[in-house]
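# Coordinates in review
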Amino acid sequence: MGLGIGLLGFQTTIAHSVTLSGTGVHSGAEVAITFHPAEADSGIVFQRVVGEQAISEFKAVSSQVGNTDLCTILGFSPATSIATIEHVMAAIYALGLDNLLIEVHGAEMPIMDGSSAPFIEAIEQTGIKALATKRRYIRILKPVRIESGASWSEFTPYDGMRFEVEIDFDCPLIGRQAWKGDITPSVFKTELSRARTFGFMRDVERMWAAGRGLGSSLENSVVIADDNTVINMEGLRYKDEFVRHKTLDAVGDLALAGAPFIGCYRSYRGGHKMNANALKALMSDPTAYEIVETATQRQRSAPREVIAVSAP
Ligand SMILES: [Zn+2]
């Protein structure tokens, strides 16, 4: 088990810096990122670096999000913004990391294998360290719901950090799928972190024609052909990999709250935009949540545990 139950409720960072590199899914360019330890109360900060020079810096909070059309982008100008942060943020949030400086040599995160697993591995390799400052949580006090056509999502009070995500696609291969569970580092790691991004062949071709998704390939996406088959040779990693990836995305999107929430987040036919709007709706109603320093009185329902990680 973890570093000890006594560390529950304290902020964390990583033990040492760790670097990852790979392809950017939108640009197709090679990008390298380095996670650095950071002080308490600094939050998750992304820094875009050219050569030795930092050209922009963004705290990973919803007010810094410029666009969520294809992926989540921090910043408002393509020259300085940082794209495709959602799978990295999901790993960071699920592992209970509060403070991190992420140096980005490029305009977006590397897509790696299209899941959060490589980021989890990198963080576990270096290890998680508790800091002396208390963590703050966002405790949901009353339901907040948004709707858009047939889609909806809502926050409700709950003693833990719970996600209930349901998707419903016309495509029979996906159809209706649901994932429900309390997010802990081990649940996220085993049940969600390996779920890859997915798309339809017709959309991939359209994106390529528009000069987007240039780094997208079978190495980093599950691709569904129009006859409703997965064309990746290796098949699916989970029978219901699609909804698991949607849940992973939701974890990454809600990470932009800037602190762990204590509550249940449900969504039906949602996506990045709906997750972002739900977070906005929650934040704009100060009677719907409170900021607390203690997750819960009862240990067993604590939404976070400091995971067992050892430096190499
Ligand atoms: Zn995704």
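Residues numbered from 1 in each chain as written. Predicted model: local features only at pLDDT ≥ 70, side-chain atom pairs only at ≥ 80, totals over all residues. Heavy atoms only, no water.

## Points about the confidence of the model for the protein chain
Note: predicted coordinates in regions of low pLDDT should not be interpreted at a detailed level. We apply this condition: In predicted models, pLDDT denotes the confidence assigned by the predictor to each residue on a 0 to 100 scale. Any two residues whose heavy atoms approach within 4.5 Å are treated as being in contact.
Residues at a pLDDT of 70 or more form 92% of the protein chain, whose mean pLDDT is 90. Across residues 1-7, confidence stays below pLDDT 50; counting only partners more than four residues off in sequence or on other chains, it has eleven contacts. Counting contacts from residues 297-312, a segment whose pLDDT is below 50, to residues more than four positions away or on other chains yields 45 contacts.

## Quick look at the coordination of the zinc ion
For clarity, the cut-off: Each metal's donors comprise the N, O and S atoms found within 2.8 Å of it (within 3.2 Å for Na, K or Ca). Water is not part of the atom list, so some coordination spheres may appear incomplete. Geometry is assigned from donor-metal-donor angles: four donors are tetrahedral when every angle falls between 85 and 135 degrees, four are square planar and six octahedral when opposite donors sit over 155 degrees apart with all other angles between 65 and 115, and any other arrangement is irregular. In this text, helices come from DSSP runs of H or I with a minimum length of four residues, and strands from runs of E with a minimum of two, each type numbered from the N-terminal end.
Taken together, His-87 (NE2), His-245 (NE2), Asp-249 (OD) and Asp-249 (OD) make up the protein donors of the zinc ion, found 2.1 to 2.8 Å from the metal. One way to put it: the four donor atoms around the zinc ion meet at angles of 52 to 148 degrees, and that makes the site irregular. When the donor residues of the zinc ion are listed from N- to C-terminus, their spacing reads H-x157-H-x3-D. A residue pair is termed long-range when its members are at least 10 positions apart, and His-87 in helix α1 (residues 86-95) and Asp-249 in helix α5 (residues 241-254) qualify at 162 residues.

## Notes on the nonpolar core
Put simply, the rule is: Throughout this description, the term nonpolar core refers to a set of buried Ala, Val, Leu, Ile, Met, Phe, Trp, Tyr and Cys residues connected via side-chain atoms within 4.5 Å. Exposure classes here rest on a 1.4 Å probe applied to the protein chains alone. A residue is buried below 20% of its type maximum, exposed above 50%, and partly exposed in between.
If you look at the biggest cluster of nonpolar residues, it comprises 68 residues, and the most contacted ones within it are Phe-35, Phe-46, Ile-102, Phe-163 and Phe-261. At eight residues, α1 tops the list of elements feeding residues into this core. Filtering out sequence-adjacent residues up to four positions away, Phe-163 remains in contact with Trp-179, Lys-180, Gly-181, Ile-183, Thr-247, Ala-250, Val-251, Leu-254, Phe-261 and Tyr-265.

## Comments concerning unusual backbone geometry
Its identity is not glycine, yet Met-112 carries a phi of approximately 55 degrees, on the positive side. In this fold, Met-112 is placed in the loop between β8 (100-105) and α2 (117-126). One non-glycine residue, Arg-269, lies in the positive phi region at around 55 degrees. Locating Arg-269 in the fold gives a position in the loop between β17 (261-268) and α6 (272-283). Classification of Arg-269 as partly exposed rests on a relative accessible area of 40%.

## Looking at the packing of aromatic side chains
To keep it simple, the criterion reads: Pairing of aromatic rings covers Phe, Tyr and Trp, the last through its six-membered ring, and needs centres within 6.5 Å; plane angles under 30 degrees mean stacked, over 60 mean edge-to-face, and all others mean tilted. Criterion for a charge above a ring: Lys NZ or Arg CZ within 6 Å of the ring centre, and within 35 degrees of the ring normal.
Scanning all chains against the criterion turns up eight aromatic pairs. Ring geometry for Phe-163 and Tyr-265: centres 6.0 Å apart, planes at 70 degrees, overall edge-to-face. Separated by 102 residues along the polypeptide, Phe-163 in strand β13 (residues 161-168) and Tyr-265 in strand β17 bring together distant segments of the chain. The interplanar angle of 35 degrees and the centroid separation of 6.4 Å between the aromatic rings of Phe-169 and Phe-200 together place this pair among those described as tilted. Placement of the pair is Phe-169 in the loop between β13 and β14 (176-182) and Phe-200 in strand β15 (residues 198-200), with a sequence separation of 31 residues. Accessibility expressed as a relative area gives 25% for Phe-169, which makes it partly exposed. In this structure, Arg-145 packs its charged tip against the face of Trp-152, placed 4.4 Å from the ring centre. Note that Arg-194 overlies the ring of Tyr-238, its terminal NZ or CZ placed 6.0 Å from the centroid.

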